[in-house]
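# Close look at the chain arrangement
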Amino acid sequence: MDNEYTIVVPDGQILSCICGTNDNNLKLIEDHLGIPVFTRGNELSVETDDQALREEFRFIIDRIADEVEDGSKDGRDIVTSVLNIEKKADINATSVLVPGALKKIYPHTQHQADYIQAMRTNDLVFAIGAAGSGKTFIAVAEALNLLLSHKVSKLVITRPVVEAGESLGFLPGDLEDKINPYLRPLYDSMEAIIPRETVRRLVESEIIEIAPLAYMRGRTLNNCVIILDEAQNTTKEQMKMFLTRMGQNSKVFITGDITQIDLPKKVTSGLVHASNLLDGIEGIKIIRLNAEDVVRNPLVKRIVKAYENEKSEE
């Protein structure tokens, strides 16, 4: 048939996930698209001349395949998540394809999709959310996308050095050795997206700079994308200092979890203060992620929910 569009799915596990038990997942996809999906062996087909619908079908199947290849196992959850996000957002604005990346980065929830769109339409974005909600990883992915697409010339990633129960003075080594554990999660995020050798080369050439927040004072950062991670541990003064580093053709992504503030009790978090003070200003977007956005081990989501419920009962 001339109007048939077919996708070959060579992997049996992916095909099984797409179809589901008794083709229940396939029925969800059909309801979403509004047209039947036909299966023949390892082929999935739709009958339509609508190019947009064909692209949507391709996007959904590719997205599910990527989830399965990344280790996700619950087919029903994968399909439901993909369809819910795709329904509400432009498919071209719900993924991050970093040049030379190991994989394409997709949002797992609608809030994460909103987060990606916010970074593309605003110069300053705050992402406030629980551990494991993807706030830092997605910011790093979009920042690498901007850098390696040559839209900016430098990536600066910083975070405050605030001890959570262990003093820097008691850690072994020189200052670099003491600071490295605080910055290691940022390297981990980058190395999950692009090859480790690429990260090393970009860091050595100072195209990517990873440094403690104190190193930002007195600088103006032009033609950069700048990430401030663990921003809940900044003071009001540090946050103001950081925000005023922003120069021409720069974007700033600020991430933090206001439930994990390690500052002294009487010190106001710069993230809490700034997100309240700057909310509603044009060019600034505040994204709030919650337990539903946690994409680590499912147990982490239940732990975060338990703490959220405890806080709501206080």
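See above for the structure.
Here's a quick rundown of the structure. (Residues numbered from 1 in each chain as written. Predicted model: local features only at pLDDT ≥ 70, side-chain atom pairs only at ≥ 80, totals over all residues. Heavy atoms only, no water.)

## Some thoughts on the sheet that holds strand S4 (residues 124-128)
Across the sheet, six strands lie side by side as S6-S5-S7-S8-S4-S9; this open sheet has parallel pairing. The two strands at the open ends of the sheet, each matched to only one other strand, are strand S6 (208-212) and strand S9 (284-288). Taking the axes of each pair of neighbouring strands and ignoring which way they run, one obtains an average angle of 15° across the sheet. Lying on the sheet, helix H6 (residues 135-148) is in contact with S4, strand S5 (154-159), S6, strand S7 (224-228) and strand S8 (251-256); it crosses S8 at an angle near 165°. (Pairing = 2+ DSSP bridges. Helix = DSSP H or I, 4+ residues; strand = E, 2+ residues; numbered from the N terminus. Axes fitted to C-alpha atoms, helices over the stretch in contact; angles between N-to-C directions. Contact = heavy atoms within 4.5 Å.)

## Comments concerning the pairing of S5
S5 sits mainly inside the fold: six of its six residues count as buried. Of the two faces of S5, the one lined by Lys154, Val156 and Thr158 and the one lined by Leu155, Ile157 and Arg159 are each fully buried. Relative to S7, S5 runs parallel, the two sharing five bridges. Bridge assignment links Ile157 to a residue of S7, and that residue is Ile227. For S5 and S6, the ladder comprises five bridges, and the chain directions are parallel. (Buried < 20%, exposed > 50% of the residue type's maximum accessible area, 1.4 Å probe, protein only.)

## Focus: helix H3 (residues 51-69)
Counted at 1.5 Å a residue, the expected span for H3 with its 19 residues is 27 Å, and the 27 Å between its end C-alpha atoms agrees. For H3, the complete set of buried residues consists of Leu53, Arg54, Glu56, Phe57, Phe59, Ile60, Ile61, Arg63, Ile64, Ala65, Glu67 and Val68. (Expected span 1.5 Å × (residues − 1).)

## A look at the pattern of salt bridges
Inspection of the entire model under this criterion finds 14 salt bridges. Close ionic contact of Glu191 with Arg196 constitutes a salt bridge, the shortest N to O distance being 3.3 Å. For Arg196, a relative accessible area of 60% puts it in the exposed group. We note a salt bridge from Glu197 to Arg200, for which the minimum N-O separation is 2.2 Å. One end of the pair is Glu197 and the other is Arg200, both in helix H8 (residues 196-204) and three residues apart, which spans about a single turn. (Salt bridge = Lys/Arg side-chain N within 4 Å of Asp/Glu carboxyl O.)

## Some words on the nonpolar core
In terms of nonpolar packing, the biggest core is built from 35 residues, with Leu144, Leu155, Met190 and Phe253 touching the most fellow members. If you list the elements that add at least two residues to this core, you get helix H5 (110-121), S4, H6, S5, helix H7 (175-191), H8, S6 and S7. Ranked by residues supplied to this core, first place goes to H6 with eight residues. If near-sequence neighbours (up to four positions away) are discounted, Leu144 is found in contact with Val98, Ser149, Leu155, Met190, Ile193, Ile194 and Ile208. Counting residues in hydrophobic clusters, the runner-up holds 27 residues, among them Leu33, Ile60, Ile61 and Val79. (Core = buried A, V, L, I, M, F, W, Y, C linked by side-chain atoms within 4.5 Å.)

## Side note on the side chain of Lys154
With respect to the helices and strands, Lys154 occurs in strand S5. Assessed through its relative accessible area of 16%, Lys154 is described here as buried.

## A closer look at the packing of aromatic side chains
In this structure the tally under the stated criterion is two aromatic pairs. With a centroid separation of 6.4 Å and an interplanar angle of 75°, the aromatic rings of Tyr5 and Phe57 are classed as edge-to-face. Placement of Tyr5 in strand S1 (residues 4-8) and of Phe57 in helix H3 is noted, with a sequence separation of 52 residues between them. A relative accessible area of 0% means that Phe57 is categorised as buried. (Phe/Tyr/Trp six-rings, centres within 6.5 Å; stacked < 30°, edge-to-face > 60°.)

## Description of the side chain of Gln232
Take Gln232: it is sitting in the loop between S7 and helix H9 (236-243). With relative accessibility at 1%, the residue Gln232 sits in the buried group. Of note is the side chain of Gln232, whose polar atom sits 2.6 Å from the side chain of Glu230. Within the structure, Gln232 has its side chain in polar contact with the backbone nitrogen of Asp257 (distance 3.0 Å). Sequence-distant contacts of Gln232, that is, excluding residues within four places in its chain, are made with Gly256, Asp257, Ile258, Gln260, Ile261, Leu263, Ser269 and Leu271. (Polar contact = N/O pair within 3.5 Å; in protein donor to acceptor, adjacent residues only side chain to side chain.)

## What to know about H9
What H9 keeps buried is the set Met239, Met241 and Phe242. Buried positions in H9, seen along its axis, are confined to an arc of 160° and lie on one side of it. Away from its buried face, by an angle of more than 90 degrees, H9 presents the exposed residues Glu237 and Lys240. Where H9 is buried, its residues contact S4, S5, S7, S8 and helix H10 (270-277). (Arc of directions from axis to C-beta.)

These values are about where atoms sit, not about what they do.
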